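# Notes for the structure review
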There are 2 protein chains.
Amino acid sequence: MKQETDDIRQNRVPERDLDEMDRKLLGALCEDATVSYAELGEKVGLSAPAAHERVKRLRRSQAIRSTSVLIDPVAVNKPLLAFVHVDTRGWGKTPELMAISAYPEVEEIHSVAGDACMLLKVRARDTRALEGLLAKLYDTPGVMATRSYVVLSTYLERPVQPGSTTVWPMPSYMAQPIEHRRNVNAIAKAD
Amino acid sequence: MKQETDDIRQNRVPERDLDEMDRKLLGALCEDATVSYAELGEKVGLSAPAAHERVKRLRRSQAIRSTSVLIDPVAVNKPLLAFVHVDTRGWGKTPELMAISAYPEVEEIHSVAGDACMLLKVRARDTRALEGLLAKLYDTPGVMATRSYVVLSTYLERPVQPGSTTVWPMPSYMAQPIEHRRNVNAIAKAD
DNA sequence: CTTGTTGCGGAATGTCATTCCGCCATCATG
DNA sequence: CATGATGGCGGAATGACATTCCGCAACAAG
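From a predicted model like this one, the values you see are computed outputs, not experimental measurements.

Further remarks concern the relation of the copies chain B and chain A. With an RMSD of 0.0 Å, the fit of chain B onto chain A corresponds to turning through 180° and sliding 0.0 Å along the axis. Such a combination of rotation and displacement between the chain copies is what one expects of a two-fold axis. Across chain B, the smallest distance between a C-alpha and the rotation axis is recorded for S68 of chain B, namely 2.8 Å. The overlap is high: 100% of the interface residues of chain B also sit at the interface in chain A, so the same surface is used on both sides.

Structure (structure tokens):
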């Protein structure tokens with residue numbers, strides 16, 4: 001009986017963890033999601049219906065969250081990118097703070113460990129728009145201070161990559177931690 | 001004669017700046033790029049061929065950089081997200097540093113103004129993989145120090161939004177800067 | 001060995017992307 | 001004001017492709 005586990009993963013699709021073929025599909029779709037299933041299958045070594053079936057499964061299991069267009073920030077008049085660290089009194093994630101997600105300038109909101117409570121990724125038209133957002137932040141109860149890191153140049157910006165680095169080049173002077181000798185936390189299969 | 005301006009914008013498509021209809025198209029495609037052109041046109045109030053034509057133009061002009069799938073980080077076994085501030089001696093953007101973009105864990109590399117030189121967005125399997133990347137960083141010539149902000153929870157994460165906030169709610173005690181009284185830097189048309 | 005399950009490939013069909021063409025609005029020009 | 005050019009839109013036609021169906025093979029369970 002596997003009935004006992006079914007109520008644990010509530011609204012989670014069965015989701016057998018993905019194999020190498022799924023990764024290749026994700027990688028290809030990450031680069032260009034407009035390809036036909038015929039081309040996609042050809043890239044990964046699969047027939048069109050097979051590729052389609054797997055992609056459909058990846059969508060159902062929410063491994064593929066959505067398909068979206070990547071917009072040039074300059075084209076939509078948002079050349080200014082900044083990361084804003086927010087110090088808050090007490091727990092940062094208040095409804096008042098979350099309200100700023102209504103502004104399309106705000107692209108990311110994270111709570112972080114470190115000397116900042118919340119971290120925002122903001123993309124705006126100019127410094128004045130950024131100032132407007134900061135003013136809005138300082139008007140939010142609990143916000144103590146902000147530190148903004150204005151981006152001068154972006155050298156790399158890409159969506160989540162399906163691949164992982166399996167072996168990191170460790171410098172010679174750094175010993176391998178004991179608990180990882182046999183790589184106990186490695187990906188379960190197919191690596 | 002408008003010949004004289006043609007050699008200025010070199011490999012830039014004519015690119016008349018986008019109107020309200022383009023923004024609506026971008027917004028719809030941002031949410032879901034799998035919709036048919038018929039649905040897309042219906043959403044924005046356009047026929048299928050007209051919508052197709054405009055989207056084609058948006059792609060040509062690179063306002064739409066690419067179409068991609070958004071992958072669930074957990075599904076590809078990368079639950080750990082961190083922002084890494086890198087202090088460098090001298091100018092940060094060296095070929096050696098840029099080499100880390102080969103790691104699929106690195107999603108963004110920016111140079112920033114503030115007390116950090118470079119800012120990295122890193123998504124890894126576990127703390128050990130993050131350590132591996134940090135070790136790689138410290139092995140890079142010119143890297144002085146790093147500060148990592150490990151994300152505890154992500155409350156918002158979305159691609160570049162086509163919209164912009166036109167009027168920011170200024171707190172009453174903050175005066176309007178003189179040079180912006182007539183909103184000189186506003187979007188050229190259609191706002 | 002038998003049986004059920006799962007994933008794949010080939011063929012068929014319906015949907016949709018893509019093109020063509022005529023219409024209309026806008027704008028520049030006479 | 002009149003007129004021609006331009007650009008963008010909508011309707012219809014066609015071709016490509018997504019999607020489904022079905023048979024087959026590999027594999028696991030009984």
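Still more ground to cover, so stick around.
The environment of DNA strand C is made up of 12 residues, and the closest members are S47 and R54 of chain A together with S36, Y37 and H52 of chain B. Backbone atoms, meaning sugar and phosphate, form 85% of the atoms of DNA strand C found within 4 Å of the protein. A distance of 2.4 Å separates a phosphate oxygen of DNA strand C from a polar side-chain atom of R54 of chain A. Side-chain polar atom of R57 of chain A to a phosphate oxygen of DNA strand C: 3.3 Å apart, as the coordinates give it. Per element, the largest residue contribution to the surface near DNA strand C is 4 residues, and it comes from helix α4 (residues 48-60) of chain A.

Enumeration according to the criterion identifies 3 aromatic pairs over all chains in this entry. Taking 4.7 Å as the distance between ring centres and 25° as the angle between the ring planes, the aromatic pair formed by W168 of chain A and Y103 of chain B counts as stacked. In this pair, W168 of chain A is assigned in the segment after β5 (143-157) and Y103 of chain B in the loop between α4 (95-98) and β3 (106-113), connecting two distinct chains. For the pair formed by W168 of chain A and Y103 of chain B, the shared burial category is buried.

For the rest of this paragraph, the subject is the pattern of salt bridges. Applying the stated rule across the entire model yields 24 salt bridges over all chains. Two residues, E53 of chain A and K56 of chain A, come together in a salt bridge whose shortest N-O distance is 3.8 Å. A residue pair is termed a helical-turn pair when its members lie 3 or 4 positions apart in one helix, as E53 of chain A and K56 of chain A do in helix α4 at 3 residues. The closest approach of N and O atoms between K121 of chain A and E157 of chain A, which form a salt bridge, is 2.9 Å. In this pair, K121 of chain A sits in strand β4 (residues 118-124) while E157 of chain A sits in strand β5, placing the two residues 36 residues apart along the sequence. The exposure class assigned to K121 of chain A is buried, which follows from its relative accessible area of 3%. Overlapping salt bridges bring together E107, E108, K121, R123 and E157 of chain A together with E107, E108, K121, R123 and E157 of chain B as one network.

Conventions adopted
Residues numbered from 1 in each chain as written. Chains lettered and ligands numbered in written order. Predicted model: local features only at pLDDT ≥ 70, side-chain atom pairs only at ≥ 80, totals over all residues. Heavy atoms only, no water. Least-squares fit on C-alpha atoms with pLDDT ≥ 70 in both. Contact = heavy atoms within 4.5 Å. Near = heavy atom within 4 Å. Polar contact = N/O pair within 3.5 Å; in protein donor to acceptor, adjacent residues only side chain to side chain. Helix = DSSP H or I, 4+ residues; strand = E, 2+ residues; numbered from the N terminus. Phe/Tyr/Trp six-rings, centres within 6.5 Å; stacked < 30°, edge-to-face > 60°. Buried < 20%, exposed > 50% of the residue type's maximum accessible area, 1.4 Å probe, protein only. Salt bridge = Lys/Arg side-chain N within 4 Å of Asp/Glu carboxyl O.

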